[in-house]
Amino acid sequence: MKVEGDIFREVAQAAGDIVFRYDLKTEKFMQYSDRSELSKYGSWLQNFDSAMINAKMIYPDDIEEFLRLTSRIKSGEAGNIEGIFRMRLHISSDYRWYRLIARTMFDEQGPYEVLGRVSDIHNYMMASRENAEGGTGHKMDMMGLSDESAVMDALVRYKRKHKSETMLACILFDVPEYDRIVCGLSHAKSEELLINLIRHIRRGYPHGTLVCRVGIHRFAVFTGGITTLNELGEAVAKSMHGISELGEQYMKQLDGRVLGAYVGIDFESNYDGVENVIYGRALSALGTTEGKNIGEIAFFKQPEKNANSFEAASAEPEDMIAEYVIDLLRDEEPDELSLEDRRAHVMACMRILFEKLADKYGFERVSMSVCRSGEYVEYIQWSTKEIDAIPDGCLLHVEGGQDMVESKVTFWEPYIVGDVYSYPDSSEYGRMIALSAVRSFAQAGFECTNGVRGIVSFEFYTQPHMWSNDEINAFNTVRYVADFCVRYIEVKDGYFAG
């Protein structure tokens, strides 16, 4: 038994939680608690999830969610493993709501155990459900901190329940001062703040609503049953008022600041696939509030298009961006340029491509590395002013031996890390990432028709990021333009000659 595990168990038990340890090597489970029937035995259990289901400890409707959680535990998944389900601790007791949060522990050999705790949140959930019932009789659901795929999976199920609703809306709340408050609180008090914040956010929505925590201080609300924009606007305003009202309780931590939020909103008719559309658009709307005062609300608007402007090209679909850059290549008649001028022209056009994609999706840095004689070297990069203060040595340069790089960055299937702080990787490539200041990134390899191999990297340095399908599809745009560019520059040993 490891020292850090003992400390975790003692602290969590002192807080009144159930704590557990899952040994990934032996596949055995140990629960520490004085409150459950299992604790009487004090022994390691195998197949603990099946045993709990067979003992009817898990509420039937929550078995699917419970098994999804336990599969993440058994796989030793990195990052937060979190979920909510109903359970009973004794055969004669009623089912109560519990929140599970766990973390995989790593050593030099990799993951070796999962430590977690289970907190009783029944009173909070029941009070929330009483407040959440609206005229249509819907009830409100809530998810913990999750990656985008988990959010979208939950949203698909939610959307099916509310298929009769004509409109589905996504509202993103970004509460930057939340971090400032949490830093001055104990663990128990910070969880209390989180619960209260979610309660104040969702109290404005009278209908069926799914609330997901999609970032450290970002919350996504998906709501149905709203029929007019006025009703949606009133619900958002009520939530904003609730957030500022909560801030009055934390005036000491805020030090004169206001607890408020930047808000991005989009809505659509409820059809299959709409969840990805409205989430991406709400993110775009949220981006328009950056740099403004807390309390800004923005609805998604289609940008005005001007075929001759840089901004219009950035707002176009990716294939139009690609054609715009390729037209720039053709306009200069690069075949008539000297080799040196041709290379400079190609690189300038690639930078324009990177800048357009970064402008469209908010990437803070875009880079491309190419393989030269078995070694990857950086060929070109573009970055925003947000990372000017970061030393060059702390940028993520995808460089090194071909085997090492391609063992992590696959071709055609993107390699995505949403938050490097929850990404413990002891590989050579992982250590390289750990030495950089990058917070989240997505990378993909490609091979041009003439054999040139390259890797493109979309990066964020100031915050973690939830990666959307549209952002990942942007890799195809870069590949398409790069494949066109190689015909204009000299190629040696299977790489761009720069």
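Bear in mind the structure is a predicted one, so any value in this text is a computation, not a measurement.

What counts, and at which threshold
Residues numbered from 1 in each chain as written. Predicted model: local features only at pLDDT ≥ 70, side-chain atom pairs only at ≥ 80, totals over all residues. Heavy atoms only, no water. Helix = DSSP H or I, 4+ residues; strand = E, 2+ residues; numbered from the N terminus. Polar contact = N/O pair within 3.5 Å; in protein donor to acceptor, adjacent residues only side chain to side chain. Pairing = 2+ DSSP bridges. Contact = heavy atoms within 4.5 Å. Axes fitted to C-alpha atoms, helices over the stretch in contact; angles between N-to-C directions. Core = buried A, V, L, I, M, F, W, Y, C linked by side-chain atoms within 4.5 Å. Buried < 20%, exposed > 50% of the residue type's maximum accessible area, 1.4 Å probe, protein only. Salt bridge = Lys/Arg side-chain N within 4 Å of Asp/Glu carboxyl O. Patch = residues over 30% accessible without salt bridge, like charges linked within 9 Å, V, L, I, M, F, W, Y side chains within 5 Å. Areas by Shrake-Rupley, 256 points an atom, 1.4 Å probe, with all protein chains shown as cover. Phe/Tyr/Trp six-rings, centres within 6.5 Å; stacked < 30°, edge-to-face > 60°.

(A) Main features of the side chain of Glu 113. Relative to the elements of secondary structure, Glu 113 occurs in strand β6 (residues 110-120). A distance of 3.0 Å separates the side chain of Glu 113 from the side chain of Arg 21, its partner in a polar contact.

(B) How the structure looks around the sheet that holds strand β14 (residues 375-383). With respect to topology, six strands assemble into an open sheet ordered β15-β14-β13-β18-β17-β16, the strand pairing being antiparallel. Both edges of this open sheet fall to β15 (400-401) and β16 (415-417), since each of them pairs with a single strand only. Docked against the sheet, helix α13 (residues 339-361) engages β13 (365-372), β14 and β18 (453-460), running at close to 60 degrees with respect to β14.

(C) Representation of the nonpolar core within the structure. Counting 32 residues, the largest nonpolar core has Met 350, Phe 354, Phe 363, Met 368, Val 456, Phe 458 and Val 478 as the members making the most contacts within it. Of all the secondary-structure elements, those providing two or more residues to this core are α13, β13, β14, β17 (440-447), β18 and α16 (469-485). If one sorts the elements of this core by residue count, α13 sits on top with eight residues. Val 478 has contacts with Leu 353, Phe 354, Leu 357, Met 368, Val 456 and Phe 458, leaving out every residue within four places of it along the chain. Counting 29 residues, the second largest nonpolar core, distinct from the first, contains Ile 171, Ile 198, Ile 201 and Phe 219.

(D) Geometry of the pattern of salt bridges. For the structure shown, the criterion picks out 15 salt bridges. Arg 86 serves as the salt-bridge partner of Asp 62, at 2.7 Å between the closest nitrogen and oxygen. Placement of Asp 62 in the loop between α2 (48-54) and α3 (63-74) and of Arg 86 in strand β4 (residues 80-87) is noted, with a sequence separation of 24 residues between them. Among the salt bridges present, the one from Asp 174 reaches Arg 218, with a minimum N-O distance of 2.7 Å. Note that Asp 174 is positioned in strand β8 (residues 167-174) and Arg 218 in strand β10 (residues 218-224), a separation of 44 residues in sequence.

(E) Quick peek at a nonpolar patch on the surface. A surface patch of nonpolar side chains, about 240 Å² in accessible area, is lined by Leu 229, Ile 297 and Phe 299. Mapped onto the fold, Ile 297 is located in strand β12 (residues 297-299). Exposure remark for Ile 297: the relative accessible area of 38% places this residue in the partly exposed category.

(F) Highlighting the packing of aromatic side chains. Summed over all chains, the structure comprises 16 aromatic pairs. Relative to Phe 48, the ring of Tyr 22 lies with its centre 5.6 Å away and its plane at 55 degrees, an arrangement referred to as tilted. Pair noted here: Tyr 22 is in strand β1 (residues 18-23) and Phe 48 is in helix α2, with a separation of 26 residues, a long-range link. Given a relative accessible area of 3%, Phe 48 falls into the buried group. Here Tyr 415 and Phe 441 contribute two aromatic rings whose centre-to-centre distance is 5.9 Å and whose plane-to-plane angle is 65 degrees, an arrangement assigned as edge-to-face. Taken together, the residues span a long stretch of sequence, with Tyr 415 in strand β16 and Phe 441 in strand β17 at a distance of 26 residues. The same class applies to Tyr 415 and to Phe 441, which are both buried. Members of the aromatic cluster, connected to one another through ring pairs, are Tyr 361, Phe 363, Phe 458, Phe 460, Trp 467 and Phe 475.

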